[in-house]
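# Breakdown of the fold
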Amino acid sequence: MNQQNNAAFEVESLNAWYGDHHVLKDNDLRIDSKCITALIGPSGCGKSTFIRCFNRMNDFIPNFKLSGKVIFEGQDLYQPQVDPIEVRLRIGLVFQKPNPFPKSIYDNIAYGPRLQGIKDRTKLDSIVESSLKKAAIWDEVKDKLKKSALALSGGQQQRLCIARTLAVEPEVILLDEPCSALDPAATSKIEELIINLKENYTVIIVTHNMQQAGRVSDNTVFFFNGVIVESGETKNIFTKPLKKQTEDYITGRFG
Amino acid sequence: MGKHFQREIERLKKNTLALSTMVEESVQKAVRALTKLDSGLAAEVIDNDYKVNMKEVELEEDCLKILGLHQPVAIDLRFIIAVLKINNDLERIGDLAVNIAERAAFLSKHKKLHVPMDFSGMTREVQSMLRGSLDALVNMDAKSAYEVLLADDRVDAMNREMFIQVQNEIRKNTSEVESLIHLLSASRHLERIADHATNIAEDVIYMIEGEIIRHKAEEYQSDISPDISSDEA
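One structure accompanies this document, and this report is about it.

The rules behind these values
Residues numbered from 1 in each chain as written. Chains lettered and ligands numbered in written order. Predicted model: local features only at pLDDT ≥ 70, side-chain atom pairs only at ≥ 80, totals over all residues. Heavy atoms only, no water. Axes fitted to C-alpha atoms, helices over the stretch in contact; angles between N-to-C directions. Helix = DSSP H or I, 4+ residues; strand = E, 2+ residues; numbered from the N terminus. Parallel < 35°, antiparallel > 145°, perpendicular 65-115°, else oblique. Left-handed = near helix turned anticlockwise from the far one by under 90°. Contact = heavy atoms within 4.5 Å. Nonpolar A, V, L, I, M, F, W, Y, C, P; charged D, E, K, R; others polar. Salt bridge = Lys/Arg side-chain N within 4 Å of Asp/Glu carboxyl O. Polar contact = N/O pair within 3.5 Å; in protein donor to acceptor, adjacent residues only side chain to side chain. Phe/Tyr/Trp six-rings, centres within 6.5 Å; stacked < 30°, edge-to-face > 60°. Buried < 20%, exposed > 50% of the residue type's maximum accessible area, 1.4 Å probe, protein only. Lys NZ or Arg CZ within 6 Å of the ring centre and 35° of its normal. Pairing = 2+ DSSP bridges. Expected span 1.5 Å × (residues − 1). Arc of directions from axis to C-beta.

## A look at the packing of helix α6 (residues 154–167) of chain A against helix α7 (residues 184–197) of chain A
Residues and elements named next belong to chain A. Direction vectors running N to C along α6 and α7 enclose 20°, while the axes themselves pass 9 Å from each other. Taken together, the axis directions place α6 and α7 in an arrangement best described as roughly parallel. When the axes of α6 and α7 are compared, the crossing they make is right-handed. Of α7, the residues touching α6 (which contributes Gly155, Gln158, Arg159, Ile162 and Leu166) are Ala186, Lys189, Ile190, Leu193 and Leu197. Taken together, the residues of the contact of α6 with α7 break down into six nonpolar, two polar and two charged.

In structure tokens, the structure reads:
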């Protein structure tokens, strides 16, 4: 991967199980800081489990077991003294289906900051405005901040969810198939947004869309059966992958 | 990408082979017309060029369609890019065969020249390069593609030798200047065909290995196996 960037994450010997089912098998990976890393692979290969390891979202799943290290800025996120809530504030996750709260647009964005104890109205106003601007949706919603977020279109809801993630000022944004429920126009807006985000954030994205991985990411990681088969610069993976398995997957010969 | 895409790729392969066969035949005929001073054969090459041109356009349209509709990646992408470029080279080789046929047509109407140079040696070398580059494409064989690259230097040397001999001949025999210039042009056209065969070989290597090796002669010459290098020496 690109050696000019610092590592945001270092994953070492990461294994994960759901009960007896061994879903991630001894993976090592370095994720570059302020870069977009795409995780690709067929359904069930472990990429969603993998992305959720970065902000301990798997903690909620009964029977989930993990071994190995996920080191974020020098700190292993799975050490007992680490507070998972704190982790999720610094490392935000956007889901596949837009999931706005059944509240107003304003309250969706202000939700996180309020939990963090921010009560000052002017401060909240400014967080809401800047988050919606960063998520490239401000112009579309600025006159209806009090309306329900559920009235927005799918593409707008997804950008709202990204804005909601940005409102708590994370350092990393994880996106688990953020465009799979969106049409091409909305997809293109989200992709543009993702590319802009990398100026200030480390971005990791799971996608089933090979063209999307090619368009937005700097680095690509290919998973198969819970194992990282190949990782490297996206431009190399999509023109001359080193492994036959990678080539077969991205050219659609299996998977 | 499923069966439909694989069918498109197979069709593209077939069409590329069809074009390369047409072009190879044109070169063969043009060279024969030149060595046998056969104006009938020369006319045949000239008349058939439109078929090569039409096939070239058809192939390019196929490539563009596949790129637009399927957005291929990795080996599929490299294959289509290689075909796009090889297509171009094949069409240019077809044009050069026509140029040679035109020289042959001129020379067949004039007094036979006596240049000591072994012209047939050069035509053999060029035809074997062309054949080698197309075989490399058909068999996805990088080794024979590398052999083509080495042969190009030999053809260049032959063309330079031809230049010197024609120059000497012109000094001795001013009455044949026009024919001699036509002969030199034919040699130059052959040398250009060898250059296009080299391009094709380089594109085949790109397709197989994913490395662009153009303008890196020293590197690939030291990379290849010793048994090929010793042939060159």
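## Thoughts on the interface of chain B and chain A
Taken together, the 12 residues of chain B in the interface contact 10 residues of chain A. Our enumeration of links across chain B and chain A arrives at two salt bridges. In this structure, the salt-bridge partner of Glu211(B) is Lys240(A), at a minimum N-O distance of 2.9 Å. Along the contact surface separating chain B from chain A lie seven residue pairs in polar contact (both at pLDDT 80 or more).

## Considering the packing of aromatic side chains
Residues and elements named next belong to chain A. The full count for this structure, using the stated rule, is seven aromatic pairs over all chains. Seen in terms of ring centroids, tyrosine 18 and phenylalanine 64 are 5.5 Å apart; in terms of plane orientation they differ by 50°. Their pairing is tilted. Note that tyrosine 18 is positioned in strand β1 (residues 7–18) and phenylalanine 64 in strand β4 (residues 64–72), a separation of 46 residues in sequence. Judged by relative accessible area, tyrosine 18 falls into the partly exposed class, the value being 26%. Residue phenylalanine 64 is classed as buried on the basis of its relative accessible area of 16%. Within the aromatic cluster, the residues linked to one another by ring pairs are Phe9, Phe50, Phe54, Phe72 and Phe223. In this structure, lysine 65 packs its charged tip against the face of tryptophan 17, placed 5.0 Å from the ring centre. When the ring centre of phenylalanine 101 is taken as reference, the NZ or CZ atom of arginine 164 above it lies at 4.1 Å.

## Concerning the sheet that holds strand β6 (residues 91–94) of chain A
All names here are of chain A. Pairing is mixed across the open sheet formed by six strands, whose spatial order is β6-β7-β8-β3-β9-β10. Taken across any chain shown, the strands that pair with only one partner, and hence form the sheet edges, are β6 and β10 (227–233). Within the sheet, the average angular offset between the axes of one strand and its neighbour, ignoring direction, is 15°. Across the face of the sheet, α6 comes into contact with β6 and β7 (172–176) while running at roughly 170° to β6. Running at roughly 145° to strand β8 (residues 202–206), α7 makes contact with β3 (36–40), β7 and β8 of the sheet.

## Notes on the environment of Val82(A)
By the element assignment, Val82(A) lies in the loop between β5 (75–76) and α2 (84–90). Contact partners of Val82(A), with chain neighbours within four places excluded, come to Arg56(A), Gln75(A), Asp76(A), Leu77(A) and Val87(A).

## Looking at α7(A)
Residue and element names in this part refer to chain A. For α7, spanning 14 residues, the distance from its first C-alpha to its last is 20 Å, which sits close to the expected 20 Å at 1.5 Å a residue. When α7 is considered as a whole, its buried residues turn out to be Ala186, Thr187, Ile190, Glu191, Leu193, Ile194 and Leu197. Viewed along the axis of α7, the buried residues span an arc of 160°, placing them on a single side of the element. Facing away from the buried side of α7 by over 90 degrees, the exposed positions are Pro184, Ala185 and Glu192. Residues of α7 that are buried in the fold lie against β3, α4 (121–134), α6, β7, β8 and α8 (210–216). Regarding α7, its N-cap is aspartate 183, as a side-chain oxygen of that residue lies 3.2 Å from the backbone nitrogen of alanine 185 further along.

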